Protein chains: 2
Amino acid sequence: MATGPDYSARRSRLTRSFKSAGVDALLVTGLANVRYLTGFTGDSTWLYLSKSATVLISDTRYETQIANECDIVDVDIRDARKPMKVAVSEIVKKAKPKRLGFEPAHVTFGQHADLSEEITAAELVPTGGLTERLREVKDKWELQQIRDAVHMAERGIAVVRSGLTLDQTEQEIRYILEAAMRSFGATGPGFEPIVGVGPTAALPHAHAGDLSVSESPILLIDWGAETKSGYRSDLTRVFVTGKPSKQMEKVYNTVQEAQQAAIAAIKPGVKCVDVDTIARNIIADAGFGKRFGHGLGHGFGLEIHESVRMSPLTDQVFEPGMVVTVEPGIYLPGKFGVRIEDDILVTRDGHEVLSSVPREFDDAIVEFLA
Amino acid sequence: MATGPDYSARRSRLTRSFKSAGVDALLVTGLANVRYLTGFTGDSTWLYLSKSATVLISDTRYETQIANECDIVDVDIRDARKPMKVAVSEIVKKAKPKRLGFEPAHVTFGQHADLSEEITAAELVPTGGLTERLREVKDKWELQQIRDAVHMAERGIAVVRSGLTLDQTEQEIRYILEAAMRSFGATGPGFEPIVGVGPTAALPHAHAGDLSVSESPILLIDWGAETKSGYRSDLTRVFVTGKPSKQMEKVYNTVQEAQQAAIAAIKPGVKCVDVDTIARNIIADAGFGKRFGHGLGHGFGLEIHESVRMSPLTDQVFEPGMVVTVEPGIYLPGKFGVRIEDDILVTRDGHEVLSSVPREFDDAIVEFLA
């Protein structure tokens, strides 16, 4: 069994990156980054970190929770009378950093203006992605959490599939799936599950609605579980619930071919964009180039979308320990859509597919009594 | 029956505020603001708005959904090859605003840096709160949605209370509550419900965990429903599930007195801070001043926390049509906490309490067989 995370070691790795980033201290404001570095699961809480100081800045709502969840020695609890910017400024006055980094993706323009006004002794330096970079590569404990999240998701979809009827609606299926994943230990879905029949499946980010399974031969489910520790899984399968058209079969097989070719290319040293291109070209060659608009996949863990990204715009390279989705899709508006998504771990010499729900066209067919 | 929202009229009200804000156009990036102004329920989508142009900037994942949900004539769909900043810049080049407002609370420091780099012909002007200001006062249709959300929440808690047993855990109660609200038409909870037994109830923002009802005489539930239209309710009740201590009764009655006094003071023209002070003083006079650290309440609607806020720091004034929570609390770490929360509509000559779950101490007592 992997032991729990060593938050102190994570913080040490982060502070070792300060010198090359040109800062003496960092204000960590991204929720998932704060959780990764401290174990705290609430919100509205920032972390001031330097080689000599580690301070969680929170408010009275979280005083006891922080004591329960965190190994942090120094906690600054403010009440409703003290704004966050004042609490930060007081710490800066004591700790006296010259260059204080902040996370440009997790500080709004307005918050930065407030902080700039309040903090005059230190220079505020945008310092992006330091913690996200650490989070790209999962440690042994994190990988076990993600394997658990995949397991919960797979058991959940088995419950849905085994109980599927033609009169169930998208929403009903969503709730059955969520309840099943919880019964297997998930705290809930890893994100709002997408359950789409026919035309709804053609919307890559649809909300589950009132269409019933009988209204199209295509049922798309994009789902995942979240563990108690906050780690997620992210999968998509299409079920064929009626007589499919030739076009449906062609679209399905094209997506599946694109996905398998992309997965096969994943190993350390390979560029993310090159894997995206492999899938994109197969889909374009089949004549559906304009019907696959989104990126091929993304990292995930404490958040459902994390660095790295596979898209035409990324310049990242795979490393051992990264975990990504591979999820090409083809969407025919008003008709149907197909997306097939698996969770892939980059290993030292290649990759491991963490998810094992069958993905061949024949596997997707669900039989009902006539 | 109130008819559906007139998005075009909302946008007109917004553009009428541009002159005094000193901008020719506004880039709306807050998700709930975009939904309020267009009806679009997805994410990753911004609205460019001026007197002569209304453009939704989105990506291929949302092309069909926008066509289904929105009355917007002009939609700019980008694919994975085009970054958002480039799409915005292209629109600015065509529309030629001199001063382009943006929302400082909904644009990160990093996004602003990207936009500044790309957009050279227009000046980017931080223009905060224009849409939030409109959203503070709910129209007739919105009030009906909120009344529906309160109704769904109240029916949900009745299911929980009527089925309560001493061996149910916090998590089990949470799931029963969510399922019940869905059966009454909610798309889900309006936020992650807080279900806390004893010491968990002392954490104002706890996650529902594994404590069972039998472990303390105090059970706190903070919950709400979300309607299909995206509107929420937000209530809190404490149930007494065993023999309470004298201290529990005193704390309960203090919170209830503070809440009732605060609610009684709500009417148009009254300052939010003054209502906060009324509750805070009653709690302090009873000797629990340090045990009530958070603000007294907040507006809600499409988001669970909206303007206005009742706290020691606010300078807002009540107007007819505002809807707020009133939710004082007293938290004794390691022991228990009590919070009582209702949803209040500011009317022309006073207020209306939208929620009707009983709130007297005697009402809170749940009887079990010995």
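Keep in mind that this is a model prediction, so the values were computed, not measured.

Asks: Please set out the overall build of chain A residue by residue, giving values where relevant.
Replies: Scanning chain A from N- to C-terminus turns up twelve helices and 18 strands. Computed over its C-alpha atoms, the radius of gyration of chain A comes to 23 Å, within 12% of the 21 Å expected for a compact globule of 370 residues. Across its three principal axes, chain A shows a C-alpha extent of roughly 75 × 40 × 40 Å. Counting across all 370 residues of chain A, residues that qualify as buried make up 59%. A sequence separation of at least 24 residues applies to 67% of the contacts in chain A between residues at least 6 apart. With the model as given, the accessible surface of chain A reaches about 14900 Å², and the carbon-plus-sulfur share is 51%.

Asks: Explain the packing of helix H5 (residues 84-95) of chain A against helix H6 (residues 109-118) of chain A residue by residue, including any values.
Replies: Residues and elements named next belong to chain A. For the pair H5 and H6, interaxial distance at closest approach is 9 Å and the crossing angle is 45 degrees. Judged by the inter-axis angle, H5 sits oblique to H6. Between H5 and H6 the crossing geometry is right-handed. Facing H5, whose interface residues are Lys-85, Val-86, Val-88 and Ser-89, H6 presents Asp-114, Leu-115, Glu-117 and Glu-118.

Asks: Run through the pattern of salt bridges, naming residues and quoting values.
Replies: Where side chains of opposite charge bring their charged atoms close, a pairing between them can arise. Summed over the entire model, instances satisfying the criterion amount to 42 salt bridges over all chains. Two residues, Glu-178 of chain A and Arg-182 of chain B, come together in a salt bridge whose shortest N-O distance is 3.2 Å. With Glu-178 of chain A in helix H9 (residues 170-183) and Arg-182 of chain B in helix H9 (residues 170-183), the pair connects residues from two separate chains. In this structure Glu-178 of chain A comes out as buried when scored by relative accessible area, which is 3%. A single network of salt bridges, built from pairs that share partners, joins Arg-135, Lys-138, Glu-303 and Glu-306 of chain A.

Asks: So what's going on with the side chain of Asn-33 of chain A? Residues and values would help.
Replies: If you trace the backbone, Asn-33 of chain A turns up in helix H3 (residues 31-38). Look past the residues within four positions of Asn-33 of chain A in its chain and what remains in contact with it is Val-28, Glu-103, His-106, Thr-131, Glu-132 and Arg-135 of chain A.

Asks: Go over the relation of the copies chain A and chain B with me, naming the residues and quoting the values.
Replies: Least-squares fitting of chain A to chain B yields an RMSD of 0.0 Å, with the transformation described by 0.0 Å of translation along the axis and a rotation of 180 degrees. Seen this way, the second copy is the image of the first under a two-fold rotation axis. The position closest to the rotation axis in chain A is occupied by the C-alpha of Thr-108 of chain A, lying 1.9 Å away. Of the interface residues in chain A, 100% have counterparts in chain B that sit at the interface too, so the contact is made through matching surfaces.

Asks: Kindly report on the interface of chain A and chain B, identifying the contributing residues and their values.
Replies: Interface size is commonly expressed as the accessible surface area that is lost when the partners come together. With 42 residues of chain A in contact, the opposing surface of chain B contributes 42 residues. Both sides of the chain A and chain B interface together cover about 3500 Å² of buried area, and 58% of this is carbon and sulfur. It is Arg-61, Phe-109 and His-205 of chain A in chain A that bury the most area against chain B; as a group they hold 19% of the surface buried on that side. Taken together, the links from chain A to chain B amount to four salt bridges. Our count for the chain A to chain B interface comes out at 18 residue pairs in polar contact (both at pLDDT 80 or more). Mapped by element, the contributors of at least two residues to the side of chain A that touches chain B are helix H4 (63-69), H6 and H9 of chain A. The greatest single-element share of the side of chain A that touches chain B, amounting to five residues, is contributed by H9 of chain A. Looking at side-chain class alone, the side of chain A that touches chain B contains 17 nonpolar, 14 polar and eleven charged residues.

Asks: Provide a residue-level description of the domain arrangement of chain A, including the pertinent values.
Replies: Residue and element names in this part refer to chain A. Domain parsing of chain A yields domain 1 (7-135) and domain 2 (137-364). The C-alpha centroid of domain 2 is placed 34 Å from the C-alpha centroid of domain 1. Each partner contributes to the interface: domain 1 provides seven residues, whereas domain 2 provides 13 residues. Of the roughly 860 Å² buried at the junction of domain 1 and domain 2 (both faces included), carbon and sulfur atoms supply 35%. For the pair domain 1 and domain 2, the interface holds four salt bridges.

Asks: Provide a residue-level description of the sheet that holds strand S2 (residues 46-50) of chain A, including the pertinent values.
Replies: Residue and element names in this part refer to chain A. Strand order across the open sheet formed by six strands is S4-S3-S2-S1-S5-S6, with mixed pairing between neighbours. Two strands bound the open sheet, and with one partner strand each, they are strand S4 (74-78) and strand S6 (123-126). Across this sheet, the average inter-strand angle for adjacent strands is 25 degrees, counted without regard to direction. Two strands pair when backbone bridges link them, and strand S5 (residues 99-102) and S6 are joined in this way by four bridges, in the parallel orientation. If you follow Phe-102 over to S6, its bridge partner there is Pro-126.

Reading the values: the criteria
- Residues numbered from 1 in each chain as written.
- Chains lettered and ligands numbered in written order.
- Predicted model: local features only at pLDDT ≥ 70, side-chain atom pairs only at ≥ 80, totals over all residues.
- Heavy atoms only, no water.
- Helix = DSSP H or I, 4+ residues; strand = E, 2+ residues; numbered from the N terminus.
- Rg over C-alpha atoms; globule rule 2.2 N^0.38 Å.
- Buried < 20%, exposed > 50% of the residue type's maximum accessible area, 1.4 Å probe, protein only.
- Contact = heavy atoms within 4.5 Å.
- Areas by Shrake-Rupley, 256 points an atom, 1.4 Å probe, with all protein chains shown as cover.
- Axes fitted to C-alpha atoms, helices over the stretch in contact; angles between N-to-C directions.
- Parallel < 35°, antiparallel > 145°, perpendicular 65-115°, else oblique.
- Left-handed = near helix turned anticlockwise from the far one by under 90°.
- Salt bridge = Lys/Arg side-chain N within 4 Å of Asp/Glu carboxyl O.
- Least-squares fit on C-alpha atoms with pLDDT ≥ 70 in both.
- Buried area = accessible area lost by both parts, 1.4 Å probe.
- Polar contact = N/O pair within 3.5 Å; in protein donor to acceptor, adjacent residues only side chain to side chain.
- Nonpolar A, V, L, I, M, F, W, Y, C, P; charged D, E, K, R; others polar.
- Domains from an automatic or database assignment.
- Pairing = 2+ DSSP bridges.

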